[in-house]
Amino acid sequence: TRQEREIRNLSAEIESLKNPQNLNPSPRLDELREENTRLKYRLNILKRSLQEEKTHCGKSTMNINQQLQEIFGEAIRTSCPELENPPLAVTPNQQPKFGDYQCNSAMAMAQMLKAKGLKVSPREIAEKIIQNLPDNELVQKTEIAGPGFINIHLKKTFVSKLLSHLLINGAQPPPLAARKKVVVDFSSPNIAKEMHVGHLRSTIIGESMSRLFEFLGYDVLRLNHVGDWGTQFGMLIAHLQDKFPDYLTVSPPISDLQAFYKESKKRFDEDEDFKKRAYQCVVRLQSKEPDFIKGWNLICDVSRREFQKVYDCLDIKLIERGESYYQELMTEVVKEFDGKGLTQMDEGRKLVFVPGQSIPLTIVKSDGGYTYDTSDLAAIRQRLFEEKADIIIYVTDSGQATHFQVVFAAAQMIGWYDPQVTRVEHAGFGVVLGEDKKKFKTRSGDTVRLMDLLEEGLKRSMDKLKEKERDKALTPEELVKAQRAVAFGCIKYADLSHNRINDYIFSFDKMLDDRGNTAAYLLYAFTRIRSIARLANIDEAMLKKAAETTEVILDHEKEWKLGKCILRFPEILQKILDDLLLHTLCDYLYELATTFTEFYDSCYCVEKDRQTGEVIKVNMWRMLLCEATAIIMAKGFEILGINPVQRM
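Being a predicted model, the structure only gives us computed values, none of them experimental. (Residues numbered from 1 in each chain as written. Predicted model: local features only at pLDDT ≥ 70, side-chain atom pairs only at ≥ 80, totals over all residues. Heavy atoms only, no water.)

Engineer: When you look at the pattern of salt bridges in this model, what are you seeing that I'm missing?
Structural biologist: Under the definition given, this model contains 41 salt bridges. Measuring nitrogen to oxygen at the nearest pair gives 2.7 Å for the salt bridge that ties Lys575 to Asp579. A residue pair is termed a helical-turn pair when its members lie 3 or 4 positions apart in one helix, as Lys575 and Asp579 do in helix H22 (residues 569–579) at four residues. On the basis of relative accessible area, Asp579 is assigned to the partly exposed category, the value being 22%. Of the charged contacts, one joins Glu638 and Lys635 as a salt bridge, the two residues approaching to 3.3 Å between their closest N and O atoms. Of the two residues, Glu638 and Lys635 are both situated in helix H24 (residues 620–640); the distance of three residues between them amounts to about one turn of the helix. Assessed through its relative accessible area of 16%, Lys635 is described here as buried. Each member of the salt-bridge network shares a partner with another, and the members are Glu207, Arg211, Glu214, Arg222, Asp315 and Lys317. (Salt bridge = Lys/Arg side-chain N within 4 Å of Asp/Glu carboxyl O. Helix = DSSP H or I, 4+ residues; strand = E, 2+ residues; numbered from the N terminus. Buried < 20%, exposed > 50% of the residue type's maximum accessible area, 1.4 Å probe, protein only.)

Engineer: What is the right way to look at the UniProt feature "domain: Arginyl tRNA synthetase N-terminal" (unreviewed entry) in the chain in this model?
Structural biologist: According to UniProt, the feature "domain: Arginyl tRNA synthetase N-terminal" (unreviewed entry) maps to residues 66–154 in the numbering used here. Structurally, residues 66–154 comprises 39% helix and 21% strand, and the distance from its first C-alpha atom to its last is 14 Å. (UniProt positions renumbered as here; feature names shortened; annotations may be inferred.)

Engineer: Where do I start with the domain arrangement of the chain in this structure?
Structural biologist: Quoted interface sizes are often the accessible area lost when the parts come together. Assigned domains within the chain: domain 1 (2–47), domain 2 (61–154), domain 3 (182–224 + 322–428), domain 4 (231–319) and domain 5 (450–640). Placing a centre on the C-alpha atoms of domain 1 and another on those of domain 5 gives a separation of 54 Å. (Domains from an automatic or database assignment.)

Engineer: Explanation requested: the environment of Glu74 in the structure shown.
Structural biologist: Here Glu74 is to be found in helix H3 (residues 64–79). Sequence spacing of Glu74 and Glu6 is 68 residues, and the spatial spacing of their C-alpha atoms is 16 Å.

Engineer: Help me understand the pairing of strand E9 (residues 349–352), please; the structure alone is not making it clear to me.
Structural biologist: Taken residue by residue, a regular strand's side chains alternate between the two faces of the sheet. Looking at chain direction, strand E8 (residues 344–346) and E9 are connected through three bridges and run antiparallel. Paired with Gln344 across the bridge in E9 is Leu351. The hairpin turn running from E8 into E9, its antiparallel successor, is two residues long, and Glu347 in that turn takes a positive phi close to 50°. (Pairing = 2+ DSSP bridges.)

Encoded structure:
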């Protein structure tokens, strides 16, 4: 900005005035000193107004950590101009008695100076950093602890102002420099096969990542890369022709596609003639013969309807773009690799070797057909060049990590993208285990059908609500709403609250427990917070007016703790944007709910008459703290894809 440029020019002028070599002792010296003082004064005013401009940038909720990093970053650069890229470490303080945040840069800076032959103690560096802190509204005071930690205490008035800003504007994302395009590839089941628990993880994680990017203002394309092409379709169509010869005019009852698939697979493995015919069907499907395309569409439609039932329950939005979409593009990919001399023949197969990768990609099989490698290369090329994606994220199980690593490396080798400019990432996840810690299966050893799993969740959540006698307090409609919110919220949260990289144990009992870090606990906590205003007869209009007129007082230690916790929300989202680990948001929401409970137990929001139960006094600033907690929880739920209900 113009202000920043002016600050740079003024700083340079001040530096040159400080330098005695530039000055001849002359009568102008006093003038120059005066000029220097005036420049410094103007510089400070500019810095302050720039700081305020950044602090109040529109409606967005400020990221305190980021703001502190800017303030301390400036002080660090001024303190040690001889260091290139000095380390900047500002984190929330784990022990509140020592302050709210901590800057731990001095130790690393001392090491860097030592490497340059300069011996300075970390404490001296910390002192220098504190002296060079620019004027700001955030920091109340700083203290040096231990070898050189800087403990930072925030100004209560400033935190209070931020809470009022949040109450008036709601939870708003930080301003985006440019609206980037993000492609999230998730769910991706195979046509003609049931969706299983692995697809459940990909679906839940991918949906939540998409919601996070959308909230932060990115343009998100959610893609369902379904397996809808290949040999198995020849096999299925051949079986269809035998079992339902009039399938072209009458829709065959292949609603149980899984059984249909198993029968055709058995024939394919045991009957040579059938196998030959299946291969002929593949060829005829690939050359787009109308009857074969019709049979193929029929199988795809039956599958789609089954998938949609799962997506409807879990409120998932996706655009289907199966492997069939990339057929023509695969031919282009092979041509391009050939044209650049990047392919090698091996026993009739066409391979691509990428330097530094342990395995090659097979882009054409010996029978001339294409592979997963070819279709994934075609997909990444389409996403980079046609969709013009800035960020592409693949959400699949960790078993596919090597495959994607090679595909990404090949795309870089051929020059499709530069990892410094475009972020292409595989967000892998572990497997789902049963309570016996073995791979999650039914008693008979089959994969668990997702619809069965979701229906079981609904049944158990209703039992839980009845056990709590909610059926007596809620209308039938409210009860069904609560049942769905608890069942599907618990299944999603159980998945998202585990670090996705690890395997996790699927247990309905743990999910539906309303103690501990579960959706059941958080949903009940949220409903309770929302009911406080209702019980005090305070409506939305009154809260809105109070947000604009009442200062949020933070004198009690539990008020202060809650206020700071609420305002950590933007830093949590920034962290997830960097590492795509959603359990951080779950941990934060759980911490927020427990911090709220501590506050509510210690600080009266509403004071009632012991005898009559009548409300005598409402502490409005505390009601506003309840409201701010609810605003953040609701936004967190929205990103996780959990649907809270007003009454439970």
